[in-house]
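Each chain, written out:
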Amino acid sequence: MRNVSFEGEQPLFYGSRCEKYDVKKKSSDRQAPPDLFAERERMLLAAPVREKGRRSIGIPRMLYVSDYLPFWKTFFGELGYRVVLSDRTNRALVNKGLEATSAETCFPAKVALGHLQDLLDKGVDLLFLPSYIRFPVAYQKLKGTQACPYVQAFPYLARAALHFGGTKTIEPVLHLQDRRHFIKSMRDLARSLGKRGPGVLRALHRAERAQKEFVKAAGARGSEVLASLRKGEKALVLVGRNYNTSDTGLNMNLPAKIRDLGVQAIPMDFLPLQGVEMDGLENMYWRSGQRILAAARFMREHPNLYPLYITNFGCGPDSFITHFFRDEAGDKPFLQLEIDEHSADAGAVTRIEAFLDSLKHAPSVSLPRTVAVRANGSPYRKKVYLPPMTDHAHAISAAFQACGVESEVMPESDDETLRIGKEHSSGRECYPLALTTGDMIKATRRPGFDPERSAFFMPSGKGPCRFGQYNRYHRMVLDRLGLEQVPILSPSQDETLYRDVGVLGKDFTLLCWKGTLGVDMLQKALWEHRPYEKRTGASDRVYAQALRALTSALERKEDPLPVLQQAYREFNDIECFERDRPVIGVVGEIYIRANRYGNENIVRRIEKLGGEAWVAPISEWLAYLNVTAKDAARMNRAWRDLFKSHVAGWVQAREEHKMVSSFNGSLRSLHEPAISETLRAAAPYVHHSFEGEAVLSVGKAIDYINRGVSGIVNVMPFTCMPGTIAGALLKRVREDHNNIPLLSIAYEGQKDSQTITRLEAFMHQAREYRQRKNS
């Protein structure tokens with residue numbers, strides 16, 4: 001039996017369709033199943049704490065901190081602090097979080113603010129507010145494991161939402177992927193508290209022992225429970241993040257409701273998941289995603305266990321993980337509940353009752369998981385189709401052609417793209433996923449498309465953003481369409497990038513860099529001339545001709561400088577009015593800010609409303625990837641990759657200086673700060689360890705403000721995690737910079753008229769701001 005969803009009202013219900021919904025509560029004469037969630041909490045809080053001092057440190061029961069309470073309680077107690085925990089999640093605490101939130105994050109992140117406010121209300125001396133970045137790799141063959149963006153950026157979101165007053169915050173950046181980084185992170189944390197010497201190591205060892213005792217106790221109790229299940233007895237495993245599944249204030253006390261129905265509810269960390277084989281899941285970089293998919297594989301082999309997947313609206317990782325979970329679960333039915341501040345107990349109980357009733361017809365033996373057959377041979381010998389994200393795709397296509405690989409940029413996204421993409425996605429994923437999926441499927445339906453000699457290009461990544469999961473989702477879609485033989489080229493955007501594309505030859509990355517820089521320069525010239533041209537269309541004609549000439553030069557591996565110099569002269573020949581419009585800096589998620597269809601042509605809208613737009617360039621992202629690749633290679637002691645990244649950075653800087661000089665510096669938006677300067681500008685608002693577009697958006701917005709723009713527009717897909725974080729942080733940036741007008745726009749393809757209205761009001765504010773600034 002495959003998973004089927006009831007369309008319409010959320011939460012989604014997966015499993016067989018039900019004919020009746022009359023599951024009865026347990027009879028009074030039957031002993032209730034044990035409350036394993038209460039047992040888990042007792043285990044979690046069992047570690048004794050030696051409190052040697054008077055200063056208090058507040059530990060919030062939130063997010064991943066709650067998973068490691070034995071560790072943190074013991075560690076801080078051994079260092080001489082009086083440990084104060086926030087209250088258990090309750091309605092008053094939830095309301096505090098909802099009142100404080102400055103961004104539409106997931107429900108647990110909003111509630112986490114309530115835990116912080118609770119500790120502030122208790123008057124703690126110190127507030128523990130960690131940024132979890134990486135965790136130990138728990139499974140063989142996996143490359144790494146990260147927290148989601150909201151967890152990584154939570155200290156910065158909290159600073160943007162709460163007033164800490166005189167309470168000092170401790171905000172360690174935690175890299176826990178191996179012993180070396182773990183020790184360093186903990187020593188740095190202790191040093192921030194003024195603690196050094198053997199006492200720190202002693203506290204650390206005792207804290208580790210306390211955490212291990214909890215894990216051991218949970219595993220032992222889980223083994224007892226699994227062994228006690230009778231043949232034919234069905235138990236529900238609450239699948240998800242522990243801070244969701246095990247917090248009664250976040251999960252509507254579902255374990256108790258399940259027990260009331262006479263069914264055993266089991267915490268996911270009671271399952272022995274460490275030995276699960278993770279073949280095929282190497283690209284899953286979220287810690288929770290790895291555990292959730294491991295649980296799916298484990299439960300496939302255990303007929304007594306059925307998943308109750310708890311998720312939240314706006315959970316970015318789950319928008320992809322739930323698809324992969326369904327794939328891993330195979331014929332095993334499961335129930336998915338989406339919980340937030342508006343959820344009602346009655347609806348959840350009804351769905352649980354219906355699900356339990358459906359299990360009467362569930363198969364007792366799982367079917368083997370099928371693996372699609374892949375084509376052999378190098379994908380670079382096929383025709384490579386590139387997504388039409390931006391005009392820069394034509395430069396990358398030219399680089400492929402120059403290196404002997406046939407390639408083509410797919411036609412620009414349109415309404416058909418969106419329609420097809422939404423048909424093959426759930427709507428919970430980010431908007432660019434629907435666009436790239438729709439464009440890909442559209443290409444397979446075109447006359448002349450040959451699956452045997454075609455491939456798609458979709459880079460991968462190491463997280464924490466969802467983009468790194470696109471290629472795996474696209475793989476699932478192609479397989480379902482019967483196109484298993486069509487490969488997806490997915491070079492990783494990390495320190496291995498140069499190895500991944502090395503098969504194309506040493507010229508490929510250099511040509512991509514030159515092409516990206518060239519298109520950036522042409523676009524800057526276009527956007528600085530078009531709002532003022534006296535002859536409508538003159539700038540577009542120069543730009544289109546120059547773009548064709550640039551790609552032709554790249555295909556022939558010729559120097560693009562003559563093309564840029566000719567374009568520079570032609571742009572300067574365009575007769576223009578006086579440049580007196582307010583300049584608007586556009587930052588945000590890279591796909592949406594670059595894709596004309598995705599952002600509903602934001603640049604032209606700004607121009608139509610009397611403004612001039614400067615858009616963060618694509619080359620910024622490539623330069624940033626090289627910086628993060630250096631950091632990762634240094635952290636992993638991958639010296640060869642580090643050397644390659646240093647060489648690549650030197651070449652990038654050399655070529656950028658050479659190409660920018662061809663425009664003689666006449667464009668006001670031409671020169672870009674070094675990535676180190678952008679990260680330094682963002683540092684008061686977000687630490688550079690939180691990698692991705694949010695830190696770039698904040699840093700670039702400050703750069704634009706320093707250059708004198710009259711407003712900032714932050715564009716993003718609806719529910720985009722980095723975009724939402726950037727939007728919250730940019731509110732603080734605005735306050736610190738004379739309340740410069742700021743507008744965040746979330747796109748999802750609805751073409752909402754309110755967006756135009758908001759943009760019109762924003763442009764009015766930008767004009768007034770410019771007048772005040774110039775008066």
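Residues numbered from 1 in each chain as written. Predicted model: local features only at pLDDT ≥ 70, side-chain atom pairs only at ≥ 80, totals over all residues. Heavy atoms only, no water.

Engineer: Just checking my understanding: could you explain helix α27 (residues 693-706) for this structure?
Structural biologist: Helical geometry: 3.6 residues make up each α-helical turn, so side chains three or four residues apart lie on a common side. The end-to-end C-alpha distance of α27 is 20 Å, a good match for the 20 Å that 14 residues give at a rise of 1.5 Å each. At the exit of α27 stands Gly708, carrying a positive phi of roughly 100°. (Helix = DSSP H or I, 4+ residues; strand = E, 2+ residues; numbered from the N terminus. Expected span 1.5 Å × (residues − 1).)

Engineer: When you look at the environment of His302 in this model, what are you seeing that I'm missing?
Structural biologist: On the secondary structure map, His302 appears in the loop between α11 (287-300) and β11 (305-311). Relative accessible area serves as the criterion here: at 29%, His302 is assigned to the partly exposed category. Each C-alpha atom, one on His302 and one on Leu226, is 9.5 Å from the other, the two residues being 76 residues apart in sequence. (Buried < 20%, exposed > 50% of the residue type's maximum accessible area, 1.4 Å probe, protein only.)

Engineer: What is the right way to read the state of the cysteines from this model?
Structural biologist: Taken as a whole and assessed by the stated rule, the structure comprises zero disulfides. Cys465 supplies the cysteine sulfur nearest to Cys720, a cysteine that is in no disulfide, at a spacing of 6.0 Å. (Disulfide = S-S within 2.5 Å.)

Engineer: Explain the nonpolar core here, please?
Structural biologist: Looking at soluble globular proteins, one finds that nonpolar side chains tend to be buried together. Trp72, Phe75, Phe76 and Tyr132 are the most contacted members of the largest nonpolar core, which has 222 residues in total. Looking at this core, the element that brings in the most residues is helix α19 (residues 507-529), giving eleven residues. Apart from the residues lying within four places of it in its own chain, the contact partners of Tyr132 are Tyr64, Val65, Tyr68, Trp72, Ala147, Val151, Gln152, Leu174 and Leu176. Counting 20 residues, the second-largest nonpolar core is a separate cluster that includes Leu236, Met252, Ile352 and Leu356. (Core = buried A, V, L, I, M, F, W, Y, C linked by side-chain atoms within 4.5 Å. Contact = heavy atoms within 4.5 Å.)

Engineer: I tried to follow the packing of helix α26 (residues 675-682) against α27 on my own but got confused; where do I start?
Structural biologist: Describing two packed helices takes the angle between their axes plus the distance from one axis to the other. Where α26 meets α27, the closest approach of the two axes is 8 Å, and the angle between their N-to-C directions is 90°. Judged by the angle between their axes, α26 and α27 are roughly perpendicular. Of the residues in α27, those in contact with Thr678, Leu679, Ala681 and Ala682 of α26 are Val695, Leu696, Val698, Gly699, Lys700 and Ile702. By residue class, the composition of the contact of α26 with α27 is seven nonpolar, two polar and one charged. (Axes fitted to C-alpha atoms, helices over the stretch in contact; angles between N-to-C directions. Parallel < 35°, antiparallel > 145°, perpendicular 65-115°, else oblique. Nonpolar A, V, L, I, M, F, W, Y, C, P; charged D, E, K, R; others polar.)

Engineer: Explain the pattern of salt bridges to me, please; I cannot follow it from the model alone.
Structural biologist: In the structure shown here, the tally under the stated rule is 52 salt bridges. The closest approach of N and O atoms between Lys524 and Glu672, which form a salt bridge, is 2.7 Å. With Lys524 in helix α19 and Glu672 in the loop between α25 (639-660) and α26, the pair connects residues that are 148 residues apart, well separated along the chain. By relative accessible area, Glu672 is classed as partly exposed at 22%. Notably, a salt bridge pairs Arg604 with Asp540, separated by 2.8 Å at the nearest N-O pair. Taken together, the positions of Arg604 in helix α23 (residues 602-608) and Asp540 in helix α20 (residues 538-555) put the pair 64 residues apart, joining distant regions of the chain. On the basis of relative accessibility, which here comes to 23%, the residue Asp540 falls in the partly exposed class. Via salt bridges that share partners, Lys524, Glu672, Lys700, Asp703 and Arg707 belong to a single interconnected network. (Salt bridge = Lys/Arg side-chain N within 4 Å of Asp/Glu carboxyl O.)

Engineer: Where do I start with the sheet that holds strand β18 (residues 612-615) in this structure?
Structural biologist: Sheet strands pair via backbone hydrogen bonds, and the direction of the pair is either parallel or antiparallel. Within the open sheet, the four strands sit side by side as β18-β17-β19-β20. Their pairing is parallel. Strand pairing shows two members of the sheet lacking a second neighbour, β18 and β20 (742-747), which therefore form its edges. With direction set aside, neighbouring strand axes in the sheet form an average angle of 25°. Where strand β17 (residues 583-588) meets strand β19 (residues 711-717), five bridges bridge the pair, whose relative direction is parallel. Residue pairing in the sheet places Ile584 in a bridge with Gly711 of β19. Its contacts with the sheet put helix α28 (residues 721-736) on β17, β19 and β20, and the angle it makes with β19 is roughly 165°. Contacts from helix α29 (residues 753-774) reach β17, β19 and β20 within the one sheet, and its direction differs from that of β20 by about 165°. (Pairing = 2+ DSSP bridges.)

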